[in-house]
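Here's the letter readout for the chains.
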Amino acid sequence: MVTSLKGRDVLTLTEFSREELLFIIDTAFNFKQRYLAGERVIPVLAGRHLAMIFEKPSTRTRISFETAMRELGGDALYLSASELQLARGETIEDTARVLSRYVDGIMARVYEHWKLERLAEYSRVPVINGLSDLHHPCQALSDVFTIMEKKTRDVSKLKIVFIGDGGDNVLHSLMLAVGLLGGRITISSPRGYEPHPSVVKLFEEYAAPNGGVFEIERDPYKAIEGADVVYTDVWVSMGQEKEREKRARDLEPYRVTVDLMMRAKPDAVFMHCLPAKRGEEVVNEVIDGKWSVVWDQAENRKHAQKALLALIIP
Ligand code: CP
Ligand code: NVA
């Protein structure tokens, strides 16, 4: 039995039990079905406002949240961190206190993850992580929804392989989401590119008790053997631009090519959170090829976030 999720923050997804996560995904299936049947507006959040603070650029997160709020009967405000008084030294604590007098939820995309924790501590409305250096929970929520839609609702039956930067924020959240649902994720990355220790700790505390497992296989050809889902993300995340050359050198053997994809199961799907750096972590023949589900995956951000918003915004 899932009781109300109203007021819940979403910083890492570990705020939810397995049952609650499945409930949010079921709600996403329902919202998508109704949307495709022509029911564009489901005004369960009429009169509610979501503030969206961005320290970094965004296409998908910004637009999927904005349209989701409107289709739920509410509204969303795009706030560039550089144009808020935050940029002139107003504290995160004071910003959180003031914003929560105006709006019903706060979504923020930040560099350092601790800023979200601080926002959540001082906000009296729910805070949603729209990507930090460590986590991207809304991406992972919609990714497990996409995996279930394309494959099976029982993700523990699947071989899910992530190839590339093992310290990537999108991977961290995918590990936690798959792990919370009792699934296994195989990570293929070079030495020095492992999941962040704080994420491994969360995984041990929340995912492992549900049956979640992750493993590291350095050889991408071995890792991809028998994969149902192949996932990658950029080699250089926002904020890592100074490391570009070293990262490109170290991650070169981890490019997702046709040759690599041929070792996965014949019906394997290729996923990427986007934006992609074509020719770097993935070649055109894969992202545009028969395996790719990246456009449905991007669309699902909106359906999954609608479910999340409808359930957590008071
Ligand atoms: N996947 C994702 O979060 O994309 P944006 O950076 O465009 O929001
Ligand atoms: N890992 C990427 C994800 C972008 C959606 C980044 O942080 O830039």
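See the structure printed just above.
Residues numbered from 1 in each chain as written. Chains lettered and ligands numbered in written order. Predicted model: local features only at pLDDT ≥ 70, side-chain atom pairs only at ≥ 80, totals over all residues. Heavy atoms only, no water.

Caption draft 1: Quick peek at the pairing of strand E6 (residues 184–188). Summarising burial for E6: four of the five residues are buried, a large majority. Where strand E5 (residues 160–163) meets E6, four bridges bridge the pair, whose relative direction is parallel. Its bridge partner lying in E6, Ile-160 is registered against Ile-185. The pairing of E6 with strand E7 (residues 213–216) spans four bridges and is parallel. Looking across to E7, one finds that Arg-184 is bridged to Val-213. For the segment spanning E6, helix H7 (residues 197–207) and E7, crossover handedness is right-handed. (Buried < 20%, exposed > 50% of the residue type's maximum accessible area, 1.4 Å probe, protein only. Helix = DSSP H or I, 4+ residues; strand = E, 2+ residues; numbered from the N terminus. Pairing = 2+ DSSP bridges. Right-handed = clockwise from strand over helix to strand, strands pointing away.)

Caption draft 2: A look at the packing of helix H1 (residues 18–36) against helix H12 (residues 294–312). One can describe the packing of H1 onto H12 by two numbers: an axis separation of 8 Å at closest approach and a directional angle of 120°. Here H1 lies oblique to H12, going by the angle between them. Considering only the axes of H1 and H12, their crossing is right-handed. Residues Phe-23, Ile-24, Thr-27, Ala-28, Phe-31, Lys-32, Tyr-35 and Leu-36 of H1 form the contact with H12, whose participating residues are Glu-299, Asn-300, Lys-302, His-303, Ala-304, Lys-306, Ala-307, Leu-308, Ala-310 and Leu-311. Per-class residue counts for the contact of H1 with H12 are eleven nonpolar, three polar and four charged. (Axes fitted to C-alpha atoms, helices over the stretch in contact; angles between N-to-C directions. Parallel < 35°, antiparallel > 145°, perpendicular 65-115°, else oblique. Left-handed = near helix turned anticlockwise from the far one by under 90°. Contact = heavy atoms within 4.5 Å. Nonpolar A, V, L, I, M, F, W, Y, C, P; charged D, E, K, R; others polar.)

Caption draft 3: Structural detail: the nonpolar core. Counting 62 residues, the largest nonpolar core has Ile-25, Leu-50, Ile-128, Leu-308 and Leu-309 as its most contacted members. Residues contacting Leu-309, with those up to four places away along its chain left out, are Leu-45, Leu-50, Phe-65, Ala-68, Met-69, Leu-72 and Ile-128. In terms of nonpolar packing, the next biggest core, distinct from the first, is built from 20 residues, Ala-227, Leu-274, Val-286 and Trp-291 among them. (Core = buried A, V, L, I, M, F, W, Y, C linked by side-chain atoms within 4.5 Å.)

Caption draft 4: View of the site of ligand 1. Taken together, Ser-58, Thr-59, Arg-60, Thr-61, Arg-109, His-136, Gln-139, Cys-273, Leu-274 and Arg-301 make up the full set of residues near ligand 1. Here an oxygen atom of ligand 1 and a backbone polar atom of Arg-60 are 2.8 Å apart. In this structure, Arg-301 approaches ligand 1 through a side-chain N or O atom, which is 3.1 Å from an oxygen atom. In isolation ligand 1 has 250 Å² of accessible area, and contact with the protein removes 95% of it. The residue inventory of the shell around ligand 1, partitioned by class, reads two nonpolar, five polar and three charged. (Near = heavy atom within 4 Å. Polar contact = N/O pair within 3.5 Å; in protein donor to acceptor, adjacent residues only side chain to side chain. Areas by Shrake-Rupley, 256 points an atom, 1.4 Å probe, with all protein chains shown as cover.)

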